[in-house]
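Structural features, examined
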Amino acid sequence: MAEFKTNPEIVKPENLVYKRTEMLTPATMHYCPGCGHGTTHRIIMEVIEEMGVAADTVGIAPVGCSVLAYDYMNIDMQEAAHGRAPALATAVKRLMPEKFVFTYQGDGDLAAIGTAETIHACNRGENITIIFVNNGIYGMTGGQMAPTTLENMKASTCPYGRDIATMGSPLKITELIAQLPGTMYVTRQAVHTPAAVRSTKKAIRKAFENQKLKKGLSFVEVVSNCNSGWKMTPRQANEWMVQNMFPYFPLGDIKVNE
Amino acid sequence: MKELRLMKGNEAFAEAAIRAGADGYFGYPITPQSEVMEYLMAQKTEERTGMVTLQAESEIAAINMVYGGACCGKRVLTSSSSPGISLKQEGISYIAGAELPCVILNCVRGGPGLGTIQPSQSDYFQSTKGGGHGDYRLIVLAPASVQEMADFASLGFDLAFKYRNPVLILADGAIGQVMEKVELQPQQPRLTMDEIKKNTPWATVGRANGRERNFVTSLDLDSLRMEKHNHDLQAKYRQIEENEMRYEALQCDDADYIFVAYGTSSRLCQKAIQLAREEGIKVGLLRPITLFPFPKKPLEDLSKRVKGMLVVELSMGQMIEDVRLSVHDKIKVEHFGRAGGMIPSPHDIVDALKKQIIGG
Amino acid sequence: MAKIKGEIVVDTERCKGCEVCIPACPVSVIVMAAGVNRKGYHYAMPSTDACIGCASCAIVCPDGAITVYKKKFTE
């Protein structure tokens, strides 16, 4: 099949519609092909670029697949111990209230070891944004069961499928923290289709803008795929996610306080 | 103009931290040091100097708040007691690995486990040999009075920023709870953003006017680079050993025997010296003020002209290992101490000197 | 009648061949190249000139490997 010839008429700077944001560093992201982490990173940095707040934003990376987020996000970043990003963010925001502060965390980080930090940062109503990528598995360490692993879903530490009787149900941490008065905006999004990405970007933009209102914490969950952990191709994983993750983790705004 | 007050050790430490221009305190209640946070809250530090005082949901959260604040080049501190300090060890290792400045107070209580709430010195190993993972050292200051609790708050910040290293203040329940006269420094202004950008250009305060992004991490998956980082850390610790070793020698010049003791134990030894000398036993005290860097040389020098050393610790004997290492077994070195929160009397110490060193 | 024509340029070294852009394209322009990049991934590429420059592919690309252009042609 012949390589398609680009039309020089169209490919000109003045005709540019979309390009990779400079707010991402030139580094190639280490994420597996088709992983939602890359998309989510990109959206956050596009929001920061559009708001023009790169000079006033401090991001906090977790331990997990996105532990190297600071290699990709071209802003000042801190590397938190596993599960502790909300604590770091609490201190940064209280010490520098005029800065935009966000944490970027996975499900193991936020809903297992970091549960207390998550709940208490939300309960204190810290004026920060938490971006929570939920792919139902521990990706970086090779696909172990996570707090959000679905019933009967296989992972390396539940090779016969998650057994509710012994390991409990997948944890709906987002619905949990939405109950806390300290959270002002809680939403669950995805990044597997253009429409979903646009919606997530709007949500993240809103979550950042909320920080100016000083009315509490904004929490954006992004349900995402884990191709290596789920042992599927990216497109299969996205379809599986729609069939299996979305029914248990329904998308949409859960709480919106103006 | 310095101010004279009568205060509890924990409160003097808190007040001195405010006056040293602290930006943030993150703590959690645990006996015998809860007064630090209680005092700071009562002082409404946010109004007084703009200093943030926050009670976290756990000691783990608190030390990670310290980490976050330290990444921003701010003067941040926390305080806790033994079990709480154990919870903080991972965070402290991260802070040491990422080379961040901060001050941590440990009001040691009897252990192990939930232990007791009475004073102890059984966290020596944890404090000086690194309680967390990896090759790292804390600068460890051991106050023996309420005055030193106050002085070491500001000294702690100075050393922490000078070396970009966590500083541990190793007190005990007695030092924290006892009330004594204390001279307080005048209020020092908190750091401005410009000072932070100048003094700590690595701080994550927002990537202004096009500078390269700053990121603070203790992670490096490249082993060769990680090894180099370890060598750099060790070089720093050698520098700290060279420049920051502090100790006090009392009546050692004519001494035949030496007590080696820090904190509360050293106060008991001062009385024991008087009692022993009344019986004609010439004994002196070498009091380490920094436990890291440990006063090896002074001990080695003393070992050349004394017959024996009694290491007095409120524990089953931990610092004694460092004393023995310092004197290379040339003379008799024995441990005496009580544990579980028990405190020996000066008489007990004199008896121990006679039995274990002189009579032995 | 004016006609919008688009064009995408794929950074073939950054593309990891995840194919997530393929179902995203409303006019099914994108296919995987027969060739592979330095990492051995088949990279995405346009196969026809039906592209309308909507950028759906770029928006969903996890690696930001696609740049999109669009031009109005008056016929």
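Predicted, not measured: the structure shown is a model, and the values here were computed from it.

Points about the overall build of chain A
Across its full length, chain A holds 10 helices and 8 strands. For a compact globule of 258 residues, the expected C-alpha radius of gyration is about 18 Å, and chain A comes in at 18 Å, within 12% of that figure. With respect to the three principal axes, the spread of C-alpha positions in chain A is 60 × 50 × 30 Å. Expressed as a percentage of its 258 residues, the buried residues of chain A come to 61%. Within chain A, counting contacts between residues at least 6 apart in sequence, those at least 24 apart form 68% of the total.

Comments concerning the interface of chain C and chain A
Contacts between the two partners involve 41 residues from chain C, matched on the other side by 39 residues from chain A. Buried area between chain C and chain A, summed over both chains or domains, comes out near 3100 Å², and the portion from carbon and sulfur atoms is 63%. In this assembly, chain C and chain A are joined by 1 salt bridge. Among the secondary structure elements, those contributing two or more residues to the side of chain C that touches chain A are strand E1 (2–10), helix H1 (21–24), strand E2 (30–36), strand E3 (42–46), helix H2 (56–60) and strand E4 (66–74) of chain C.

Section: the interface of chain B and chain A
Taken residue by residue, the interface counts 36 residues in chain B and 36 residues in chain A. When chain B packs against chain A, the two sides together hide about 2700 Å² of surface, and 60% of this comes from carbon and sulfur. Per-residue buried area on chain B facing chain A is highest for Glu57(B), Arg207(B) and Arg213(B); these three make up 24% of the total on that side. For the pair chain B and chain A, the interface holds 3 salt bridges. Our enumeration of links across chain B and chain A arrives at 16 residue pairs in polar contact (both at pLDDT 80 or more). Where the side of chain B that touches chain A is concerned, the elements lending two or more residues are strand E2 (24–27), strand E3 (52–55), helix H4 (59–71), helix H6 (89–97) and strand E9 (215–216) of chain B. Taken together, the residues of the side of chain B that touches chain A break down into 19 nonpolar, 10 polar and 7 charged. Two elements, strand E3 (residues 76–79) of chain A and E9(B), share 2 bridges in a ladder whose sense is parallel. Paired with Met77(A) across the strands is Phe215(B), a residue of E9(B).

Overview of the side chain of Thr49(B)
Residues and elements named next belong to chain B. Positionally, Thr49 belongs in the loop between helix H3 (45–48) and E3. Assessed through its relative accessible area of 18%, Thr49 is described here as buried. Within polar-contact distance, the side chain of Thr49 engages the backbone nitrogen of Met51 at 3.2 Å. Those residues in contact with Thr49 that sit more than four places away from it in its chain are Ile18, Gln187 and Arg190.

As for the sheet that holds E3(B)
Residue and element names in this part refer to chain B. Here 7 strands make up an open sheet; going across it, the order is E3-E2-E4-E5-E7-E6-E13 and the pairing mixed. Each edge of the open sheet is held by one strand with a lone partner, namely E3 and strand E13 (290–292). On average, each strand axis in the sheet is inclined to that of its neighbour by 20°, with strand direction left out of account. The pairing of strand E4 (residues 76–80) with strand E5 (residues 102–108) spans 4 bridges and is classified as parallel. Residue pairing for E5: Ser79 is matched across the bridge by Leu105.

Remarks on the pairing of strand E2 (residues 57–61) of chain A
Residues and elements named next belong to chain A. Taking burial as the measure, the 5 residues of E2 include 5 buried ones, the bulk of the element. Across the two faces of E2 the burial is the same, with Thr57, Gly59 and Ala61 and Val58 and Ile60 all buried. Here E2 runs beside strand E4 (residues 100–106); their pairing, made up of 4 bridges, is parallel. The partner of Ile60 across the bridge, within E4, is Thr103. Here 4 bridges tie E2 to E3, and the two strands are oriented parallel to one another. Along E3, the bridge assignment pairs Val58 with Asp76.

Thoughts on the nonpolar core
Soluble, globular proteins show a tendency: their nonpolar side chains are buried together. Phe26(B) and Met309(B) are the most contacted members of the largest nonpolar core, which has 125 residues in total. Counting residues per element, this core draws most heavily on helix H8 (residues 146–163) of chain B, which supplies 10 residues. Each of domain 1 (3–194) and domain 2 (247–358) of chain B gives at least three residues to this core. Residue contacts for Phe26(B): discarding those within four places in its chain leaves Ala91(A), Leu95(A), Val52(B), Leu54(B), Ala62(B), Met65(B), Val66(B), Val76(B), Leu77(B), Thr78(B) and Ser79(B). By size, the runner-up hydrophobic cluster in this structure holds 64 residues, among which are Met29(A), Ile43(A), Val10(C) and Tyr43(C).

Some details on unusual backbone geometry
At the junction of Gly111(B) and Pro112(B), the peptide bond is cis and its omega measures out at -5° in the coordinates. Relative to the assigned elements, Pro112(B) resides in the loop between E5 and helix H7 (124–128). Of note, the phi angle at Lys231(A) is positive, near 60°, even though the residue is not glycine.

Some points on the environment of Leu325(B)
Structurally, Leu325(B) can be placed in helix H14 (residues 319–327). Residues Leu325(B) and Pro83(B), 242 residues apart in the sequence, show an inter-C-alpha distance of 28 Å.

Description of the packing of aromatic side chains
Residues and elements named next belong to chain A. Counted by the stated rule, this structure contains 11 aromatic pairs over all chains. When the ring of Phe100 is compared with that of Phe208, the centres are 6.3 Å apart and the planes differ by 25°; the resulting orientation is stacked. Of this pair, Phe100 sits in strand E4 while Phe208 sits in helix H8 (residues 194–213); the two residues are 108 residues apart in sequence, bridging distant segments of the chain. Residue classification places Phe100 among the buried residues on the basis of a relative accessible area of 8%. Phe208 gets classed as buried once you look at its relative accessible area, which sits at 0%. Seen from the ring of Tyr248, Lys172 lies directly overhead, with NZ or CZ sitting 4.6 Å from the centre.

Structural notes on helix H2 (residues 34–42) of chain B
Taken together, the buried positions of H2(B) are occupied by Ser34(B), Glu35(B), Val36(B), Met37(B), Tyr39(B) and Leu40(B). Directly after H2(B), the chain includes Lys44(B), whose backbone phi takes a positive value near 50°.

Description of the sheet that holds E1(C)
As summarised here, the arrangement of the 3 strands in space is E1(A)-E4(C)-E1(C), forming an open sheet in which the pairing is antiparallel. Because the sheet does not close on itself, it has two edges, and the strands there are strand E1 (16–18) of chain A together with E1 of chain C. When strand polarity is set aside, the average angle formed by the axes of neighbouring strands in this sheet is 30°. Summarising the sheet, E1(C) and E4(C) pair through 9 bridges and their orientation is antiparallel. Residue pairing in the sheet places Ala2(C) in a bridge with Thr74(C) of E4(C).

Criteria and cut-off values
Residues numbered from 1 in each chain as written. Chains lettered and ligands numbered in written order. Predicted model: local features only at pLDDT ≥ 70, side-chain atom pairs only at ≥ 80, totals over all residues. Heavy atoms only, no water. Helix = DSSP H or I, 4+ residues; strand = E, 2+ residues; numbered from the N terminus. Rg over C-alpha atoms; globule rule 2.2 N^0.38 Å. Buried < 20%, exposed > 50% of the residue type's maximum accessible area, 1.4 Å probe, protein only. Contact = heavy atoms within 4.5 Å. Buried area = accessible area lost by both parts, 1.4 Å probe. Salt bridge = Lys/Arg side-chain N within 4 Å of Asp/Glu carboxyl O. Polar contact = N/O pair within 3.5 Å; in protein donor to acceptor, adjacent residues only side chain to side chain. Nonpolar A, V, L, I, M, F, W, Y, C, P; charged D, E, K, R; others polar. Pairing = 2+ DSSP bridges. Axes fitted to C-alpha atoms, helices over the stretch in contact; angles between N-to-C directions. Core = buried A, V, L, I, M, F, W, Y, C linked by side-chain atoms within 4.5 Å. Domains from an automatic or database assignment. Phe/Tyr/Trp six-rings, centres within 6.5 Å; stacked < 30°, edge-to-face > 60°. Lys NZ or Arg CZ within 6 Å of the ring centre and 35° of its normal.

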